[in-house]
Amino acid sequence: MKSLLLKTSFSILFIGLIYVLLSFSASFSEKLASSNWREIYSKPTSQWPKPTIDDGVQWQEFESLAIDTSYYDTMENPKVILGQLLFFDPKLSGSSQVSCSSCHDPELAWGDAREVSLGNDHLQGKRNTPSLYNIGARKSFFWDGRAATLEEQAQGPITAHHEMSMEPKNLAKKLKKIKGYPVLFQNAYGSSEITYEKILQSLAVFQKTILSKRSRFDAFMDGDYTQLSDQEIYGLHLFRTKARCMNCHSGKYLTDESFHNIGLTYYKREYEDLGLYTVTKKAEDVGKFRTPSLRDVLYTGPWMHNGLFDNITGIVNMYNSGMHMIDPDETEKIADPLFPKTDVLMQPLNLTDDEIVALVSFIKTLSGRQYKMERPQIPR
């Protein structure tokens, strides 16, 4: 009898809990339905409410991606054809086993879906491989911004021992021995001479063709206001206001192209990475990394410079905390001038669970259809 009563009590408690959760969810849905966020944002972006932006922050209004009507013509450009072949050709590596596409795989959103890169002799890098989507629009390259041009960027992995491990002086000589390449260079440059500089230039020209496809959010911005749900529109509003995201993620590509320490330096611990400081040697740059674009973010995980985070909701929860965990006091700053300081833009957000769900639902609308480029026939 006691067992029956106990089971009945648990059943009533469970049903009651389900009822409360459903009521809570319904209440939030009703709140969204009764709000005027859809009306407010069903207008051109010029009429949207101004976002919450800190003093001194340079930001840009969102801008939709245009439909690329010239893609197929662009891909017929001889320099693009050459650059594409070079990008996928493992002969650009010292071992002839690793290509640019080994880490920037079109099947994996032009990344590698690993925490950190894996290259020559199966050596691991220290940082996550950034996606190449819209790389032609970047103002600096690598997580620490150490390259200013796409040509410099291409040279980095080609020469790095743990990536492609190729001696620049040997690369042109190596390709000259491949029957198909002199013709390709002739078509692209009007001369069959193969040089290292032409190789880098061709890779850069090809990489500029790697573009995001339009997302539901682009269609929404262009006037198709049925593309986003009430929850996603509320997430858009939170992104622009309470969540403070536009302090760093604004404009067409949702990045400020700048560098910030968001509290993930791991100073003097496992995974330590001093970021921009390794390039500038300025103490104020310790732990700063380039702000990634949020275009196609749904496909480009794992995230952050170290690739340690594979859950978008978890990342939003992390930002919600404010991330100020190891800020130095005055004594520590004097004793250790390199002690990293989390960016002042990082503040506790006080987002509720429902607001986090709405924010994540909006962030997911920033990813369009993936174009999985076929691998070309490499010259032999």
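Residues numbered from 1 in each chain as written. Predicted model: local features only at pLDDT ≥ 70, side-chain atom pairs only at ≥ 80, totals over all residues. Heavy atoms only, no water.

Caption draft 1: How the structure looks around the side chain of arginine 290. Its location among the elements puts arginine 290 in strand E2 (residues 289-290). For the buried residue arginine 290, which engages in no salt bridge, the nearest side chain bearing the opposite charge is glutamate 257, 4.4 Å off. Only 3.2 Å separates the side chain of arginine 290 from the backbone oxygen of phenylalanine 142, close enough to count as a polar contact. Dropping the residues within four chain positions of it, arginine 290 is found in contact with Arg138, Ser140, Phe141, Phe142, Trp143, Glu257, Ser258 and Phe259. (Helix = DSSP H or I, 4+ residues; strand = E, 2+ residues; numbered from the N terminus. Buried < 20%, exposed > 50% of the residue type's maximum accessible area, 1.4 Å probe, protein only. Lys, Arg positive; Asp, Glu negative; His and termini not counted. Salt bridge = Lys/Arg side-chain N within 4 Å of Asp/Glu carboxyl O. Polar contact = N/O pair within 3.5 Å; in protein donor to acceptor, adjacent residues only side chain to side chain. Contact = heavy atoms within 4.5 Å.)

Caption draft 2: The arrangement of unusual backbone geometry in detail. The omega angle of the peptide bond from glycine 301 to proline 302 is 0°, so this bond is cis rather than trans. Position of proline 302 among the secondary structure elements: in the loop between E2 and helix H13 (312-321). Despite not being glycine, serine 96 shows a phi value in the positive range, around 60°. Take serine 96: it is sitting in the loop between helix H4 (78-88) and helix H5 (100-103). In this model, asparagine 350 sits at a positive phi of 60°, which is unusual for a non-glycine residue. For asparagine 350, the position within the fold is in the loop between helix H14 (330-335) and helix H15 (353-364).

Caption draft 3: Highlighting the packing of aromatic side chains. This model, assessed by the stated rule, comprises 20 aromatic pairs. With centroids separated by 5.1 Å and ring planes inclined at 75°, the aromatic side chains of tyrosine 41 and tryptophan 48 adopt a geometry described as edge-to-face. As far as burial versus exposure is concerned, tyrosine 41 and tryptophan 48 are alike and both buried. Every member of this aromatic cluster is reached through a ring pair, and the members are Tyr41, Trp48, Phe62, Phe217, Phe220, Tyr225, Phe239 and Phe362. Between lysine 213 and the ring centre of tyrosine 371, over which it is positioned, the NZ or CZ distance is 5.2 Å. (Phe/Tyr/Trp six-rings, centres within 6.5 Å; stacked < 30°, edge-to-face > 60°. Lys NZ or Arg CZ within 6 Å of the ring centre and 35° of its normal.)

Caption draft 4: View of the environment of tyrosine 299. By the element assignment, tyrosine 299 lies in the loop between E2 and H13. Spatially, the C-alpha atoms of tyrosine 299 and cysteine 248 are 20 Å apart, while their sequence positions differ by 51 residues. Leaving out residues up to four positions away in the same chain, tyrosine 299 has contacts with Leu108, Ala109, Ser367, Gly368 and Gln370. Side-chain polar atoms of tyrosine 299 contact the backbone oxygen of glycine 368, separated by 2.8 Å.

Caption draft 5: Quick peek at the side chain of asparagine 261. Position of asparagine 261 among the secondary structure elements: in the loop between strand E1 (259-260) and helix H12 (277-280). Classification of asparagine 261 by relative accessible area gives buried; the value is 2%. In this structure the side chain of asparagine 261 is engaged in a polar contact, spanning 3.4 Å, whose partner is the backbone oxygen of valine 286. Sequence-distant contacts of asparagine 261, defined by excluding residues within four places in its chain, comprise Val286, Gly287, Lys288, Pro340, Lys341, Thr342, Asp343 and Met346.

Caption draft 6: Here's a closer look at helix H8 (residues 181-189). Residues of H8 that are buried: Tyr181, Leu184, Phe185 and Ala188. In an axial view of H8, the angular spread of the buried residues amounts to 95°, which keeps them on one side of the axis. Those residues of H8 that are buried are in contact with H4, helix H7 (168-176) and helix H9 (196-207). Note on H8: the residue one or two positions beyond its end, glycine 190, has a positive phi of about 75°. (Arc of directions from axis to C-beta.)

Caption draft 7: Structural context of the environment of glutamate 197. Within the element layout of this structure, glutamate 197 appears in helix H9. With a relative accessible area of 55%, glutamate 197 lands in the exposed category. Separated by 25 residues in sequence, glutamate 197 and alanine 172 place their C-alpha atoms 9.2 Å apart.

Caption draft 8: Local environment of the packing of helix H6 (residues 150-159) against H9. One can describe the packing of H6 onto H9 by two numbers: an axis separation of 8 Å at closest approach and a directional angle of 110°. Taken together, H6 and H9 sit at an angle that is classed as roughly perpendicular. Crossing handedness for the pair H6 and H9: right-handed. Counted together, Leu150, Glu151, Gln153, Ala154, Gln155, Ile158 and Thr159 of H6 and Tyr196, Leu200, Gln201, Leu203, Ala204 and Gln207 of H9 form the full contact between these two elements. (Axes fitted to C-alpha atoms, helices over the stretch in contact; angles between N-to-C directions. Parallel < 35°, antiparallel > 145°, perpendicular 65-115°, else oblique. Left-handed = near helix turned anticlockwise from the far one by under 90°.)

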